[in-house]
Amino acid sequence: MNSETLLTLIFAYLAVASVVFAMLVVMMRNPVHCALALVGVVFHLAGILILLRAEFLAAAHIIIYAGAIIVLFLFTMMLLNVGVAERARQFHVQAPLAVVIGVVLLFEFIVLTGASIVVGAPGLHTPAWVAEQGGNVQALGQVLFRDYLLPFEVASVLLTAAVVGAIVLARQKPKRPRSSSEMGVSEWMAARVEKARKREAESAPRRGVTRNP
Amino acid sequence: MTELVITILIKSAIAFVVPLLVVPPLIWGERRLLGRIQSRVGPNRVGPMGVLQTLADAVKLLGKEDIVPAGADRSLFILAPFLLLVPSFMAWSVVPIGTELTILGRTIGLYPTDVNVGVLYILALTSVAVYGIVMAGWASNSKYALLGSLRSSAQMISYEIMLGLSLVGVVVLAGSLSLPEIVRQQQVPYAIPLFVGAFVFVCAALAETNRAPFDLPEAETELVSGYHVEYTGWRFAFFFLSEYANMLLASFLVSAVFLGGGWPAPLLEPMIGHLPAMFLALVFMVTKVFLFLFFYIWLRATLPRFRYDQLMNFCWKVLLPLGLLNVAIATVLKLTIYA
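Residues numbered from 1 in each chain as written. Chains lettered and ligands numbered in written order. Predicted model: local features only at pLDDT ≥ 70, side-chain atom pairs only at ≥ 80, totals over all residues.

**Thoughts on the overall build of chain B**
Argument step 1. What chain B contains, in helices and strands, is 12 helices and 2 strands.
Argument step 2. Going residue by residue from the N terminus, the α and β elements of chain B occur as α-α-α-β-β-α-α-α-α-α-α-α-α-α.
Argument step 3. Here the C-alpha radius of gyration of chain B, 21 Å, is about what a compact globule of 339 residues would show, namely 20 Å.
Argument step 4. Considering only C-alpha atoms, chain B reaches an extent of 65 × 45 × 45 Å along its principal axes.
Argument step 5. Going through the 339 residues of chain B one by one, you find that 46% of them count as buried.
Argument step 6. A sequence separation of at least 24 residues applies to 76% of the contacts in chain B between residues at least 6 apart. (Helix = DSSP H or I, 4+ residues; strand = E, 2+ residues; numbered from the N terminus. Rg over C-alpha atoms; globule rule 2.2 N^0.38 Å. Buried ≥ 20, exposed ≤ 12 C-beta atoms within 10 Å, placed from the backbone. Contact = placed C-beta atoms within 7 Å.)

**Examining the overall build of chain A**
Argument step 1. When helices and strands are tallied, chain A shows 9 helices and 0 strands.
Argument step 2. Sequence-ordered secondary structure for chain A, helices as α and strands as β, is α-α-α-α-α-α-α-α-α.
Argument step 3. The buried share of chain A, reckoned over its 213 residues, is 12%.
Argument step 4. Partitioning the intrachain contacts of chain A with sequence separation of at least 6 by distance along the chain shows that 49% fall at a separation of at least 24.

**Here's the deal with the interface of chain A and chain B**
Argument step 1. Across the boundary between the two partners, chain A contributes 16 residues, which contact 17 residues of chain B.
Argument step 2. For the side of chain A that touches chain B, the secondary-structure elements that each account for two or more residues are α2 (31-51), α3 (55-79) and α7 (136-147) of chain A.
Argument step 3. Top contributing element to the side of chain A that touches chain B by residue count: α3(A), with 11 residues.
Argument step 4. Split into classes, the residues belonging to the side of chain A that touches chain B amount to 12 nonpolar, 3 polar and 1 charged. (Nonpolar A, V, L, I, M, F, W, Y, C, P; charged D, E, K, R; others polar.)

**Notes on the domain arrangement of chain A**
Argument step 1. With domains assigned, chain A is organised as domain 1 (1-88) and domain 2 (127-171).
Argument step 2. Taking the mean C-alpha position of each, domain 1 of chain A and domain 2 of chain A sit 24 Å from one another. (Domains from an automatic or database assignment.)

**Some thoughts on unusual backbone geometry**
Argument step 1. Residue B:Pro264 is reached from B:Trp263 by a cis peptide bond, and omega for that bond is 5 degrees.
Argument step 2. Take B:Pro264: it is sitting in the loop between α9 (233-257) and α10 (265-272).
Argument step 3. The phi dihedral of A:Arg53 falls on the positive side, at around 65 degrees, and the residue is not glycine.
Argument step 4. Assessed through the 13 C-beta atoms surrounding it within 10 Å, A:Arg53 is described here as partly exposed.
Argument step 5. Unlike most non-glycine residues, B:Asn141 shows phi in positive territory, near 55 degrees.
Argument step 6. Owing to 15 C-beta atoms within 10 Å, B:Asn141 belongs among the partly exposed residues under this scheme.

**Some thoughts on the environment of A:Arg171**
All names here are of chain A.
Argument step 1. Positionally, Arg171 belongs in the loop between α8 (149-170) and α9 (185-207).
Argument step 2. A residue is classified by how many C-beta atoms lie within 10 Å of it, and Arg171, with 7 of them, is exposed.
Argument step 3. The spatial distance from the C-alpha of Arg171 to the C-alpha of Val25 is 34 Å, given a sequence separation of 146 residues.

**Remarks on the environment of B:Asn313**
Residues and elements named next belong to chain B.
Argument step 1. Residue position: Asn313 is located in helix α12 (residues 308-335).
Argument step 2. A residue is classified by how many C-beta atoms lie within 10 Å of it, and Asn313, with 13 of them, is partly exposed.
Argument step 3. Along the primary structure Asn313 and Leu84 are separated by 229 residues, whereas in three dimensions their C-alpha atoms are 26 Å apart.

**A word on the packing of helix α8 (residues 195-208) of chain B against α12(B)**
All names here are of chain B.
Argument step 1. Contact geometry for α8 and α12: axes closest at 8 Å, N-to-C directions at 140 degrees. With respect to their mutual orientation, α8 and α12 come out oblique. As α8 packs across α12, the resulting crossing turns out to be left-handed. Along its contact with α8, which presents Val196, Gly197, Phe199, Val200, Cys203 and Ala204, the element α12 presents Leu319, Leu322, Gly323, Leu325, Asn326 and Ile329.
Argument step 2. By residue class, the composition of the contact of α8 with α12 is 9 nonpolar, 3 polar and no charged. (Axes fitted to C-alpha atoms, helices over the stretch in contact; angles between N-to-C directions. Parallel < 35°, antiparallel > 145°, perpendicular 65-115°, else oblique. Left-handed = near helix turned anticlockwise from the far one by under 90°.)

**Thoughts on the confidence of the model for chain B**
Argument step 1. When pLDDT is averaged across chain B, the result is 88; 100% of the residues are at 70 or more.
Argument step 2. For this predicted complex, the interface confidence comes out at an ipTM of 0.86, alongside a pTM of 0.85. (pLDDT = per-residue confidence, 0-100.)

**A closer look at the nonpolar core**
Argument step 1. Ranked by internal contacts, the top residues of the largest apolar core, which has 119 residues, are A:Ile62, B:Val95, B:Leu120 and B:Ala204.
Argument step 2. Among residues more than four places away in sequence, those in contact with B:Val95 are B:Tyr111, B:Leu179, B:Leu249, B:Phe252, B:Leu253 and B:Ala256. (Core = buried A, V, L, I, M, F, W, Y, C linked by C-beta atoms within 7 Å.)

**Quick word on the packing of helix α6 (residues 143-174) of chain B against α12(B)**
All names here are of chain B.
Argument step 1. The interhelical angle for the contact between α6 and α12, taken along N-to-C directions, is 10 degrees, at an axis separation of 8 Å. Taken together, the axes of α6 and α12 are roughly parallel relative to one another.
Argument step 2. Split into classes, the residues belonging to the contact of α6 with α12 amount to 17 nonpolar, 7 polar and 2 charged.

**Focus: the pairing of strand β2 (residues 106-109) of chain B**
Residues and elements named next belong to chain B.
Argument step 1. Two strands pair when backbone bridges link them, and strand β1 (residues 100-103) and β2 are joined in this way by 4 bridges, in the antiparallel orientation. The residue bridging Leu101 from the neighbouring strand is Ile108, located in β2.
Argument step 2. Adjacent in sequence and paired antiparallel, β1 and β2 are bridged by 2 residues, among which Leu104 carries a positive phi angle near 55 degrees. (Pairing = 2+ DSSP bridges.)

Here it is in structure tokens:
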């Protein structure tokens, strides 16, 4: 067996397995199992990326998707009541219609891609160009930080803004007013007066009578 | 071709067997050392000086009843220990114990493989190990295990970021993501220019391997351990084994990445020749690993455990700024001294 057929076999396994895992994601009943199947998809896709000699992308793929995003899914699901989701009905009444439309769309997709695909046309970044840069990681760095520097920086600023926003939203305002031991004397007096005034204002209209007319 | 296959097989076997062989004496050494530091004797009954104690414990664990709790998610419960153990063994496939050795006209790399994204590969595997913890806690169908797994996975996810951040500095200086290349690049161990990064890395590695003073997942003195509370017998032994394998891995990484691997032996090579220099490099590397392991155990014996909020505050309010400072230092060094 030469290395070409071996690679084809490995690709076949990875492709079939990722499709099978993707189907498991939507078909299994327990959401936690679904999330784990999604991890399976991510790993097999990373394998395909390695076959394409995109090692950096494969590692980043696993770190970001398997290491961060799906763990967050699991975190949320672990705290929910999974049993309810398991008992819920899995198919909508529109399922038969969905099957028909899906088959039609798949057919269209196959016809269209078959008509429009161009085989053998090299892209901008050929293997020779990548080798010239000294490897995959270097080539990716060149493209990201030289050719597409501005979009990259804009994206990173946006992401930072999102993180800051999330922290601002998650930060709780102190619910309990500061305890009397933490206050100075004048502040404590002011707080007492304020409290008494508030009580007065609240209690007066509720009783329907006015004290000290 | 055949030669290549044979080399790969031998290297894989070594990378797989070394952690398995080193872990039992490591556990024994830890217990003896803890005993000495705490003015006790430690295990000294089984075999000379108690060396066989770990073996006896392993046999005991293997002989225990294997319980899968009622109401547990059976398949995930069984899968969880493997999800933790497999990544920690996979990571060994890129760990260098040296650079290149030329013997009998052949050049052999003293590492299982030289992946051009080695650092990222290790980070990816540490991030995947969280699944073992999450699944073990969730599948046990026990509130204690679930809360324990939430605690541990939050810890691991947070400290993973610091692990990556501390390695960014090294990657910037070495200009490569490959671990052997990082070792080769160190004329001076990176722990000296990047001492901030080294500090962050050591703290993050302690937390990632669930060791004192960050051993909240276990916390044997105040909580009845965490995510693995429902596990018995050899399944529990798997968790134990992966913890020690990770500890060994962290020691190898810190020695290779921050302490320069076999440094300063390669500098002596013009004076004493290739083979003696490589031998010395190996000796230095192993010495560094064992010193770091000693440091691990020493910390466990002397430092009290962090409280959970302290753990998180330390991560996000101390280590994160330090990690960013480390990146800044590395960039300045890269533009000046290392230019």
